[in-house]
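Chain by chain, the residues run as shown.
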Amino acid sequence: MNKLDITGVHKTFNPGTINEKKALNDLNLHLQDGDFVQIIGGNGAGKSTMLNCLAGMFPVDAGTIVIDGEDVTRLPEYKRANLLGRVFQDPMMGTAANMNIEENLSLALHRGQKRGLRWAVTNEDRDFFSTQLKMLDLGLENRMTSKVGLLSGGQRQALTLLMATLRRPKILLLDEHTAALDPKTAAKVLELSEKIIAENHLTAMMVTHNMRDAIRHGNRLIMMHNGHIILDISGEEKKKLTVESLLEQFTKVSGSELANDRMLLS
Amino acid sequence: MLEILIGAVALGLLWAVMALGVYITYRILDVADLTVEGTIALGGAVAARMISANMNPWLSVLCATIAGLLAGLCTGLLHTKLRIPALLSGILTMIALYSINLRVMGKSNVPLLRVETVFSPLQRMGLSTSISSLIVGTVTVIVVAVALYWFFGTELGNAIRATGNNQNMARAQGINTSNMVILGLVLSNGLVALSGALIAQYQSFSDVQMGTGSIVIGLASLIIGEVLFGTRTFKRTLVSVSLGAIIYRIIIALVLKAGMDANDLKLFTAITVAFCLSTPMIKGWLDARKKNAAAR
């Protein structure tokens, strides 16, 4: 059974208005267990929209989304949370700034479960969080009662990554999660992502604007354009990719130049 | 003078319960909830009506609290299910409560003289109204603060805090943010009504107007407490907010004693709150000027 089946998904924002935007246009994607997919494409190609549709941030106009055999197309965002781990582009978005590290981890530990009147952070939880934080190698295990708002962007992103995988997700969604970080921190967070995905054999999707990262990581690469997938490369073929060959293929398939300033600059 | 101070502290303790309710919405949920203006009068109305019918005063306080919970539920449903902005939802419930409070009381003012109130048993022991209120107020504030400390340390309480902090993150963690907003508003208004029920008994009357301006008093208490006593931990904040309500009452008692016209009180309170809320901005200006001066 596939881990993810996106079938015939359409999404148009502001339909019937001057701002109408066809974000997803007959999108089809099927992931196997353990796939680590890199998603690249120009501005407005629909990369983030695809991830947001998966997460249920807005309803789709047509098509179905099935995660690990469960049809989630009509489920609200909070009910899909038990299936998905998510890391966002904005380091502020994945954590609660006014709560401390252990409280944030405790929220993640109960992701998608019923929350009752049990004390949120027990001593047992603390030990578990501490060992998990040690793996990040950022010294956060000594700052468990610090407010998350005091952490740097990179630290917050590493923490969000840990929170997203603290309870094993069916699919891990990484939406340009290193884009807002400085190059050194970005490399570290990416390395950490790779490690966590490999150690837990997670199925993951990563949107990136960095072609080299996309080529270096994962077992599969898809390129999006105008709301659907125009290129899908995996296995041995992916290992042989270079930035030049990718750009060349893009021009051939889409009939246009790759219009993404950040991508060309990086 | 001592008599005035004791009276101010006694009344401040009763208002502290209300300030803790405002803290839940304003700080934890990050919503300015105007329902409280109606809810505090609702608490007073329900208690006054039941007490004048010779019912048990503590039962009347319980019923008043439940009425407050329902008022919060109303605002919560308007805001989350019907998507009316939080501020407007609160105003709508507040206005609706004005009519409901008149219905509950049957008239605009119910006096509570020579009736059994929660303070009566203590008064029969020979204690003054202020001292009785001091005792009842202290016990109530401690019970409420301990309950809040416990609740916001549980999984559910943390879910409400996360919702107020970052709704995106909360939903990504599977938290039903709508329900958490409703729950926060319910709890807050329950506390405010509880406070209203006690205040009505302390001042020996309930009036349909008694809630007017109460949100500003709640915010003033909250901000005074936070500024003077700090917010380093949640425990500390609960104590600070309670003390803030008492300090506010002492300030009011002192300015009245100094000869300020009681009619000017609300103006005074509004200016105080505006000043306190703008302190970060003013501090920013001053720092910038200092920096400029240093650069020159």
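Nothing here was measured: the structure is a model prediction, and the numbers come from that model. Sequence order as written defines the numbering, with residues in each chain counted from 1. As a convention, the first chain written is A and the first ligand written is 1, with the rest following in written order. Totals for whole chains, interfaces and linings use all residues, but because this is a predicted model, local features are given only for residues with pLDDT of at least 70 and pairs of side-chain atoms are given and counted only at 80 or more. Neither water nor hydrogens contribute to the side-chain values; these are computed over all heavy atoms in the structure.

(A) Quick peek at the overall build of chain B. Helix numbers and strand numbers start at the N terminus; a helix is a DSSP run of H or I with at least 4 residues, a strand a run of E with at least 2. In terms of helices and strands, chain B carries 13 helices and 2 strands. Relative accessibility decides the category of a residue: with a 1.4 Å probe and only protein chains considered, values under 20% of the type maximum give buried, values over 50% give exposed, and everything between is partly exposed. With 296 residues in all, chain B has 53% of them scored as buried. When contacts within chain B are restricted to residue pairs at least 6 apart in sequence, those whose partners lie at least 24 apart make up 76%. Just so you have it, chain B exposes about 13,300 Å², and 67% of that area is on carbon and sulfur atoms. In this tally, Asp and Glu contribute negative charge and Lys and Arg positive charge; neither His nor the terminal groups of the chain are included. Where a charge lies is defined by one atom per residue type, namely NZ (Lys), CZ (Arg), CG (Asp) and CD (Glu). Side-chain charges in chain B split into 21 positive and 11 negative, and the spacing between the mean points of these groups amounts to 6 Å. In this analysis, two residues are considered to be in contact whenever any of their non-hydrogen atoms come within 4.5 Å of each other. Accessibility throughout is a Shrake-Rupley quantity obtained with a 1.4 Å probe, and a residue counts as covered only by protein chains that appear here.

(B) Quick look at the interface of chain A and chain B. Counting from both sides, the interface comprises 31 residues of chain A and, opposite them, 22 residues of chain B. The term buried area denotes the loss of accessible surface (1.4 Å probe radius) that occurs when two parts are joined, taken as the sum for both partners. With both sides pooled, the region where chain A packs onto chain B buries about 2,300 Å², and carbon together with sulfur makes up 56% of that total. Among the residues chain A hides against chain B, the three largest losses belong to Tyr-78, Arg-115 and Trp-119 of chain A. Together they make up 27% of the total. We define a salt bridge as a contact between a side-chain nitrogen of Lys or Arg and a carboxyl oxygen of Asp or Glu at a distance within 4 Å. Counting across the chain A and chain B interface gives 3 salt bridges. Across the salt bridge formed by Arg-118 of chain A and Glu-155 of chain B, the nearest N and O atoms sit 2.9 Å from each other. Contacts described as polar in this section are N or O atom pairs within 3.5 Å, which, within protein, must combine one atom able to donate a hydrogen with one able to accept it, while residues neighboring in sequence count only if both atoms come from side chains. Linking chain A with chain B are 14 residue pairs in polar contact (both at pLDDT 80 or more). At 5 residues, helix H3 (residues 101-109) of chain A tops the list of elements feeding residues into the side of chain A that touches chain B. Residues that form the side of chain A that touches chain B fall into these classes: 15 nonpolar, 8 polar and 8 charged. Classification convention: Asp, Glu, Lys, Arg as charged; Ala, Val, Leu, Ile, Met, Phe, Trp, Tyr, Cys, Pro as nonpolar; all other residues, Gly among them, as polar.

(C) How the structure looks around the sheet that holds strand E2 (residues 21-31) of chain A. Residues and elements named next belong to chain A. The antiparallel open sheet is built from 4 strands, whose spatial order is E2-E1-E4-E5. The sheet is open, and its two borders are formed by E2 and strand E5 (70-71), each paired with just one other strand. Think of it this way: DSSP has to see at least two bridges between two strands before they count as a pair. The sheet contact formed by strand E1 (residues 4-13) and E2 spans 7 bridges and is antiparallel. Residue pairing for E2: Phe-13 is matched across the bridge by Lys-21.

(D) Structural detail: helix H6 (residues 129-151) of chain B. Residue and element names in this part refer to chain B. An ideal rise of 1.5 Å per residue puts 33 Å on 23 residues; H6 measures up with 32 Å between its terminal C-alpha atoms. Listing the buried residues of H6 in full gives Ser-130, Ser-132, Ser-133, Val-136, Gly-137, Thr-140, Val-141, Val-144, Ala-145, Leu-148 and Phe-151. If you follow the buried residues of H6, they end up packed against helix H1 (2-29), helix H3 (57-80), helix H5 (120-124), helix H7 (155-165), helix H9 (177-203) and helix H11 (234-257). A helix is expected to span 1.5 Å for every residue after the first.

(E) Examining the pattern of salt bridges more closely. Residue and element names in this part refer to chain A. What the rule picks out here adds up to 15 salt bridges over all chains. When the shortest N-O distance is used, the salt bridge between Asp-35 and Arg-220 registers 3.3 Å. A residue pair is termed long-range when its members are at least 10 positions apart, and Asp-35 in the loop between E2 and strand E3 (36-41) and Arg-220 in strand E9 (residues 220-225) qualify at 185 residues. The exposure class of Arg-220 is buried, given its relative accessible area of 10%. A salt bridge links Lys-239 to Glu-236, with the nearest nitrogen and oxygen atoms 3.2 Å apart. Highlighted residues: Lys-239 and Glu-236, both in helix H8 (residues 235-239), separated by 3 residues, approximately one helical turn. When sorted by exposure, Lys-239 lands in the same class as Glu-236, which is exposed. Overlapping salt bridges, with partners in common, bring together Lys-3, Asp-33, Asp-68 and Lys-170 in one network.

(F) Focus on the packing of aromatic side chains. Only the six-membered ring of Trp is used, alongside the rings of Phe and Tyr, when aromatic pairs are assigned; centres must lie within 6.5 Å, and planes under 30 degrees apart are stacked while those over 60 apart are edge-to-face, with the rest tilted. With the rule as written, the count across this model stands at 9 aromatic pairs over all chains. Seen from their ring centres, Phe-128 of chain A and Phe-129 of chain A are 6.1 Å apart, and the 45 degrees between their planes marks the pair as tilted. Residue classification places Phe-128 of chain A among the partly exposed positions, given a relative accessible area of 31%. Of the residues examined, Phe-129 of chain A reaches a relative accessible area of 0% and is grouped as buried. Where Phe-151 of chain B meets Phe-152 of chain B, the ring centres are 5.1 Å apart and the plane angle is 80 degrees; that geometry is what we call edge-to-face. We classify Phe-151 of chain B as buried; its relative accessible area is 12%. Members of the aromatic cluster, each reached through a chain of ring pairs, are Trp-119 of chain A together with Tyr-23, Tyr-149, Trp-150, Phe-151, Phe-152 and Phe-234 of chain B.

(G) Representation of the sheet that holds E3 of chain A. Residues and elements named next belong to chain A. Taken together, 6 strands build an open sheet; the order of strands is E6-E7-E8-E3-E9-E10 and the sheet is mixed. The two strands at the open ends of the sheet, each matched to only one other strand, are strand E6 (84-87) and strand E10 (228-234). With strand direction ignored, the average angle separating the axes of adjacent strands in the sheet is 20 degrees. The pairing of E6 with strand E7 (residues 171-175) spans 4 bridges and is parallel. Residue pairing across strands places Leu-84 opposite Ile-171, the latter belonging to E7. Helix axes are fitted to C-alpha atoms over the stretch in contact, other axes to C-alpha atoms as well, and angles between N-to-C directions run from 0 to 180 degrees. Against the sheet, helix H1 (residues 47-55) touches E3, E6, E7, strand E8 (204-207) and E9, its axis set at about 145 degrees to E7.

(H) Region of interest: the nonpolar core. Nine residue types can take part in a nonpolar core, namely buried Ala, Val, Leu, Ile, Met, Phe, Trp, Tyr and Cys, and a core is a set of them joined through side-chain atoms within 4.5 Å. Counting 117 residues, the largest nonpolar core has Ile-101, Leu-105, Leu-133 and Leu-159 of chain A together with Leu-148 and Phe-152 of chain B as its most contacted members. Counting residues per element, this core draws most heavily on H1 of chain B, which supplies 15 residues. Throughout the structure description, domain borders are defined by an automatic or database domain assignment. Three or more residues apiece are contributed to this core by two domains, here domain 1 (2-259) and domain 2 (264-296) of chain B. Look past the residues within four positions of Leu-148 of chain B in its chain and what remains in contact with it is Leu-20, Ile-24, Leu-191, Phe-234 and Leu-238 of chain B. By size, the runner-up hydrophobic cluster in this structure holds 29 residues, among which are Val-37, Leu-51, Phe-58 and Val-72 of chain A.

(I) Here's a closer look at the packing of helix H10 (residues 214-229) of chain B against helix H12 (residues 265-277) of chain B. All names here are of chain B. Two elements in contact, H10 and H12, have axes separated by 9 Å at closest approach and are oriented at 45 degrees. The orientation of H10 with respect to H12, classified from their angle, is oblique. In the crossing of H10 with H12, the sense of the turn from one axis to the other is left-handed. Of H12, the residues touching H10 (which contributes Val-216, Ile-217, Leu-219, Ala-220 and Ile-223) are Thr-269, Ala-270, Val-273, Cys-276 and Leu-277. Per-class residue counts for the contact of H10 with H12 are 9 nonpolar, 1 polar and no charged. By the definition adopted for this analysis, an angle is roughly parallel if under 35 degrees, roughly antiparallel if over 145, roughly perpendicular if from 65 to 115, and oblique otherwise. Left-handed is the label given to a crossing in which the near helix is rotated counterclockwise from the far helix by less than a right angle, and right-handed is the label when the rotation is clockwise.

(J) Looking closely at the layout of surface pockets. Space inside the largest pocket adds up to approximately 950 Å³. Around the largest pocket, the lining comprises 30 residues; the ones closest to its centre are Asn-98 and Lys-147 of chain A together with Arg-161, Thr-233 and Phe-234 of chain B. Partitioning the lining of the largest pocket into residue classes produces 10 nonpolar, 10 polar and 10 charged. For the second largest pocket, the calculated volume is near 620 Å³. For each structure, a 1 Å grid was placed over the protein atoms alone; sets of points admitting a 1.4 Å probe that cannot get out are labelled cavities, open sets with protein on both sides within 12 Å along at least five of seven lines are labelled pockets, and lining residues have an atom within 4 Å of a point. Grid points are joined across faces, edges and corners, and a volume is the space filled by probe spheres set on the points.

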